[in-house]
2 protein chains.
Amino acid sequence: MSFQKLDESCRRLEALEHAMAILGADEATHMAPGGGEKRAEAMSTLAGMYHRQATAPEMGDWLAAAAEEALDDEQRAAVRELRRQYTNMTCLPPEFVERQTKARLRSEQLWRDLRAKNDWSSFLPALEGIVTLVREEAAMRAEVLGLEPYDALMEQYDPGNRVAEIGPIFEDLKVFLGGFVPEALAVQEERLSKSSLKPLSGVYPVEKQRELGLAMMAAVGFDLTHGSLSVSHHPFCGGVPTDVRITTRYRTTEFLSALMGVLHETGHALYEQNLPKGWSHWPLGKARGMSMHESQSLFVEKQIGRNPAFWRWALPMVERHLGESWSAEDILPHVLHVERGLIRVDADEVTYPLHVILRFEVEQDLLAGRLEASDIPEAWDAKMRDYLGLSTIDNPQDGPMQDVHWPSGAFGYFPSYTLGALMAAQQWAAIQRAHPSIEDDFAKGDFEAVNDWRRKNIWSLGSMWSTPELLQKATGEPLTAKYFEAHLKSRYGR
Amino acid sequence: MSFQKLDESCRRLEALEHAMAILGADEATHMAPGGGEKRAEAMSTLAGMYHRQATAPEMGDWLAAAAEEALDDEQRAAVRELRRQYTNMTCLPPEFVERQTKARLRSEQLWRDLRAKNDWSSFLPALEGIVTLVREEAAMRAEVLGLEPYDALMEQYDPGNRVAEIGPIFEDLKVFLGGFVPEALAVQEERLSKSSLKPLSGVYPVEKQRELGLAMMAAVGFDLTHGSLSVSHHPFCGGVPTDVRITTRYRTTEFLSALMGVLHETGHALYEQNLPKGWSHWPLGKARGMSMHESQSLFVEKQIGRNPAFWRWALPMVERHLGESWSAEDILPHVLHVERGLIRVDADEVTYPLHVILRFEVEQDLLAGRLEASDIPEAWDAKMRDYLGLSTIDNPQDGPMQDVHWPSGAFGYFPSYTLGALMAAQQWAAIQRAHPSIEDDFAKGDFEAVNDWRRKNIWSLGSMWSTPELLQKATGEPLTAKYFEAHLKSRYGR
């Protein structure tokens, strides 16, 4: 039976994925400094084995044959999702993939060096090559998938997301934020003018911050028998569902950044730990996509972790671990600080979407040929001035060179961040409708209801549905910005 | 060119080995407790991939074709060693390997349970099955390799080692120890009767012991940019040559066991870190075998780490890290303590070979059919009483059930431990001939000469020579027990 053959094949692929996931986490946390070269060699060889097996012609034959076999609904969905992966992995000719992989590696290396030197013009030729390749890639993917080019790129990260739906929503959000960012800043200023801010600085030993982080992780639902917390330069959530590795980094002068980072990664980890175990080796058993994943991390970081009700419970925890007493009035201005800034990854939840919308617009213009790579600095600067009132024209390092996505050719990914924020707010609204007093739970450190809802409506479903379908089924509505806007208004508005 | 094909194949095998080595080390050090089942699944799938690739028929074809190609000496040796691996891996029919693997797994699981219960008779049927299989295995290996059955088993661990050479040496050593163990114990007693022993107990925080261990590792030559020290339940040396993972375990009531363990594993690590890098993906670039590996760990633990000259330099280090001052007279009786005991892994260097010789003799009798599994307890007890004056007849847990080797079917391995001890002493004698004042170096914490000698004569040679050839070339003599006996006499005798 072909389904059985696919199942065995998926088990082999899972073993390679397992190895790559643990080797990847290990590299960032425990690898000896001189181990990098051999590790890179091993990882790329394993990735090659994975690709060869996942795209083997017999996979295509078995997929075709399995479609004729008597399968139940879940099995049919499993075959459909495996076929989706197979199509996404085979729709580019190997010769192109090789050329693109080399160009991406070269461009990423160049970017690392030239970003530090704030040198846009030396980087431009490499980026031009990347843009040419991504246009080719999008055209080929579009052809095979029967999608618009930008949709075909997004399809790799979030099956079902389309510019036709997202575009108007982002447009609406941009208009809203055009008015709301100044309002939130004014509200913040008024509050700060009334009472002075207790500065968020002190001496916080790493070991105590770590214990606080572990206690918070466990409280919001992280299963410490199936995961761990380490230190790495860039925080991440990696590993495998039975052994989720999350990391953070600590500053000993303040505790909030590490703690919020831990909550964010815990959100990713909860999704991984609660995926359907019986399908762990099939794409069906994996998380739906990048925007849904981000909605889970942002849910824990923003809906839970920056909720004033949460802090009623969290402050005694902070005091117990760090030996320092904070009032809600003192901590919340730090937790909810809003500021127009140049850097996306440092942005608060109010201004963050504008960073994403800017990139979403530039990416579409680049792909459509309305913009060339050489036009980026001016286009970027015009939008930054328009959306956030800041100029980066003389500072490409903190402008279009700030992110690794473009140097590495990952176009169509940026929307996921803000889609995640919208989807988290929409899920939160649905939960509040089902549990009107849910914030009282937070104040008691009780996250069972909120996790039960997410387990049932998101986590346990793996990749059963496309991204829009999953959101619609979970919340009863298609994607909308209205809950996110309402969330911002109630938290930051007048 | 077939050699090129073999080279590419070896690179793929190296990537899988890399993954398995790091996953193995990770499992014992950083894996979440609930991650074991999926890890075992991944490891066994990767091992299957490795086996399938290493034994693929085209490997045999390329090996045959490469023998006809114009190759230099190193390349010829590389092909020879790869052929040796290929022959050792393909000489058993897959049907037999599968049957044996299952029996071993079952027997090991059973052993873990029944050893704790001290229940020999329930374990016996499983062990009988293992003995039957190992007889079949040895016969098949012997047939293919043209060796005696026990030699064919040893060949997997130490190419070139033969009972005809080892047997008489072990016999000689057994006779020597029959007289020497009582002498060493008497000398010890006399010394202790003259001055009272400072007890080796106190409070030693793990972090301080760890810092001491790292400082000692670095001093004796461990490259901390290509390796690390962690904690695990059973100490080991794992990982890959560019990232060697060694572990220890700490007791906070004494510091010597962890420190000696670190030195032992550092000895293994030095071998790995100094193997010929250009051949790392070929068997030629790997350590020669188990007894040579053990000679390197024992060299650092015994020849260096238990040398009184070493302690002249080490004691100020101990004081600096642990804040406790010891005199050589106080510490050496602990470092050089001799005691007749039941457990091999706890034995000192004087009594240890008797544990090994006992097993070597029993294994040969089992293989030849002179002994059945059911006869083991009596045979064991008779030898234990004869060699060490101890009985285990009512205590199989601390007798023939104490080691995992037999339950897991690893016959022919035990000799490696004592061969390692003999070879370490023989290397030490050769080094002393070349550097008569080498102990003065130790007293200054200078291990350059001793490491240079080993790098040149052992480490950098990988698997260029068989075990006996390598020893002969390094020391100018075939294997002998005389240096080991002289070493014991000078350290423990009158």
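Calculation notes
- Residues numbered from 1 in each chain as written.
- Chains lettered and ligands numbered in written order.
- Predicted model: local features only at pLDDT ≥ 70, side-chain atom pairs only at ≥ 80, totals over all residues.
- Heavy atoms only, no water.
- Helix = DSSP H or I, 4+ residues; strand = E, 2+ residues; numbered from the N terminus.
- Pairing = 2+ DSSP bridges.
- Axes fitted to C-alpha atoms, helices over the stretch in contact; angles between N-to-C directions.
- Contact = heavy atoms within 4.5 Å.
- UniProt positions renumbered as here; feature names shortened; annotations may be inferred.
- Salt bridge = Lys/Arg side-chain N within 4 Å of Asp/Glu carboxyl O.
- Buried < 20%, exposed > 50% of the residue type's maximum accessible area, 1.4 Å probe, protein only.
- pLDDT = per-residue confidence, 0-100.
- Phe/Tyr/Trp six-rings, centres within 6.5 Å; stacked < 30°, edge-to-face > 60°.
- Lys NZ or Arg CZ within 6 Å of the ring centre and 35° of its normal.
- Parallel < 35°, antiparallel > 145°, perpendicular 65-115°, else oblique.
- Nonpolar A, V, L, I, M, F, W, Y, C, P; charged D, E, K, R; others polar.
- Least-squares fit on C-alpha atoms with pLDDT ≥ 70 in both.

## Some words on unusual backbone geometry
Next, step 1: Even without being a glycine, Asn118 of chain A presents a positive backbone phi close to 60°.
Next, step 2: Counting through the fold element by element, Asn118 of chain A comes out in the loop between α5 (94-116) and α6 (120-145).

## A look at the sheet that holds strand β2 (residues 237-240) of chain B
Residue and element names in this part refer to chain B.
Next, step 1: An order of β1-β3-β2 is seen for the three strands of this open sheet, with the pairing classed as mixed. Of all strands in the sheet, those with a lone pairing partner are β1 (227-231) and β2, marking the two edges. Averaged over all adjacent pairs, the angle separating strand axes in this sheet is 25°, with direction ignored.
Next, step 2: Relative to strand β3 (residues 243-248), β2 runs antiparallel, the two being bridged by four bridges. Counted as the bridge partner of Gly239 is Val244 from β3.
Next, step 3: The strands that helix α10 (residues 256-273) touches are β1, β2 and β3; relative to β3, the one it contacts most, it runs at about 165°.

## Quick notes on the UniProt feature "active site" (unreviewed entry) in chain A
Next, step 1: Those residues carrying the UniProt feature "active site" (unreviewed entry) are Glu265 of chain A in this numbering.
Next, step 2: Leave out the neighbours within four places in its chain, and Glu265 of chain A touches Pro235, Phe236, Cys237, Ile246 and Thr247 of chain A.

## Comments concerning the pattern of salt bridges
Next, step 1: A complete count under the given rule lists 79 salt bridges over all chains for this structure.
Next, step 2: A salt bridge links Arg288 of chain A to Glu81 of chain A; the nearest nitrogen and oxygen atoms lie 2.8 Å apart. Highlighted residues: Arg288 of chain A in the loop between α10 (256-273) and α11 (290-304) and Glu81 of chain A in helix α4 (residues 73-90), separated in sequence by 207 residues.
Next, step 3: On the basis of relative accessibility, which here comes to 2%, the residue Glu81 of chain A falls in the buried class.
Next, step 4: Close ionic contact of Arg385 of chain B with Asp381 of chain B constitutes a salt bridge, the shortest N to O distance being 2.9 Å. You can see Arg385 of chain B and its partner Asp381 of chain B sitting in helix α15 (residues 376-388), four residues apart, about one turn around the helix.

## A word on the side chain of Thr351 of chain A
All names here are of chain A.
Next, step 1: Secondary-structure assignment places Thr351 in the loop between α13 (328-335) and α14 (352-368).
Next, step 2: With relative accessibility at 0%, the residue Thr351 sits in the buried group.
Next, step 3: Setting aside residues no more than four positions away along its own chain, Thr351 makes contact with Val181, Val338, Glu339, Arg340 and Leu388.

## Remarks on the confidence of the model for chain A
Next, step 1: Chain-level statistics for chain A give a pLDDT mean of 96 and a share of 100% at 70 or above.
Next, step 2: Across the predicted assembly, pTM comes out at 0.94 and ipTM at 0.93.

## Structural notes on the packing of aromatic side chains
Next, step 1: In this structure the tally under the stated criterion is 45 aromatic pairs over all chains.
Next, step 2: Here the aromatic rings of Phe310 of chain B and Trp311 of chain B are separated by 5.7 Å at their centres, their planes lie at 85°, and the arrangement is edge-to-face. Exposure class is identical for Phe310 of chain B and Trp311 of chain B. Each is buried.
Next, step 3: Here the aromatic residues Tyr157, Tyr352, Trp380, Trp406, Phe411, Tyr413, Phe414 and Tyr417 of chain A are joined through ring pairs into a cluster of three or more.
Next, step 4: The ring of Phe414 of chain A has Arg359 of chain A sitting right over it, with the charged end atom 5.3 Å from the ring centre.
Next, step 5: Lying across the ring of Trp465 of chain A, Lys473 of chain A places its NZ or CZ 3.9 Å from the centre.

## Points about the pairing of β1 of chain B
All names here are of chain B.
Next, step 1: Of all the five residues making up β1, four are buried; the element is thus mostly covered by neighbouring parts of the structure.
Next, step 2: One ladder, built from five bridges, connects β1 with β3; its direction is parallel. Within β3, the position partnered with Val231 by the bridge is Thr248.

## Focus: the packing of helix α16 (residues 415-434) of chain A against helix α19 (residues 467-475) of chain A
Residue and element names in this part refer to chain A.
Next, step 1: At a minimum axis distance of 9 Å, the contact between α16 and α19 shows a crossing angle of 20°. As summarised for this structure, α16 and α19 are arranged roughly parallel, according to the angle between their axes. In this structure, α16 contributes Met423, Gln426, Gln427, Ala430 and Arg433 to the contact, and α19 contributes Thr467, Leu471 and Thr475.
Next, step 2: Here the contact of α16 with α19 is built from residues that sort into three nonpolar, four polar and one charged.

## Focus: the relation of the copies chain B and chain A
Next, step 1: Least-squares fitting of chain B to chain A yields an RMSD of 0.0 Å, with the superposition described by an axial translation of 0.1 Å and a rotation of 180°. Viewed as a symmetry operation, the transformation between the two copies matches a two-fold axis. Closest approach to the rotation axis within chain B is made by the C-alpha atom of Ala19 of chain B, at a distance of 3.0 Å.
Next, step 2: A symmetric contact is evident, with 100% of the interface residues of chain B recurring at the interface of chain A.

## What about the sheet that holds strand β3 (residues 243-248) of chain A?
Residues and elements named next belong to chain A.
Next, step 1: Taken in spatial order, the three strands of this open sheet run β1-β3-β2, and their pairing is mixed. Looking along the sheet, the strands with just one partner apiece sit at the ends: β1 (227-231) and β2 (237-240). Within the sheet, the average angular offset between the axes of one strand and its neighbour, ignoring direction, is 25°.
Next, step 2: Against the sheet, α10 touches β1, β2 and β3, its axis set at about 165° to β3.

## Regarding the UniProt feature "binding site: Zn(2+)" (unreviewed entry) in chain A
All names here are of chain A.
Next, step 1: UniProt annotation of "binding site: Zn(2+)" (unreviewed entry) refers to His264, His268 and Glu294 when read in the numbering used here. For the annotated residues, spread through 31 residues, the largest C-alpha to C-alpha distance comes to 8.9 Å, consistent with a single compact locus.
Next, step 2: Secondary-structure assignment places His268 in helix α10.
Next, step 3: In this structure His268 comes out as buried when scored by relative accessible area, which is 12%.
Next, step 4: Those residues in contact with His268 that sit more than four places away from it in its chain are Cys237, His293, Glu294, Gln296 and Ser297.
Next, step 5: Residue placement: Glu294 occurs in helix α11.
Next, step 6: For Glu294, a relative accessible area of 11% corresponds to the buried category.
Next, step 7: Apart from the residues lying within four places of it in its own chain, the contact partners of Glu294 are His264, His268, Ser416, Tyr417 and Gly420.

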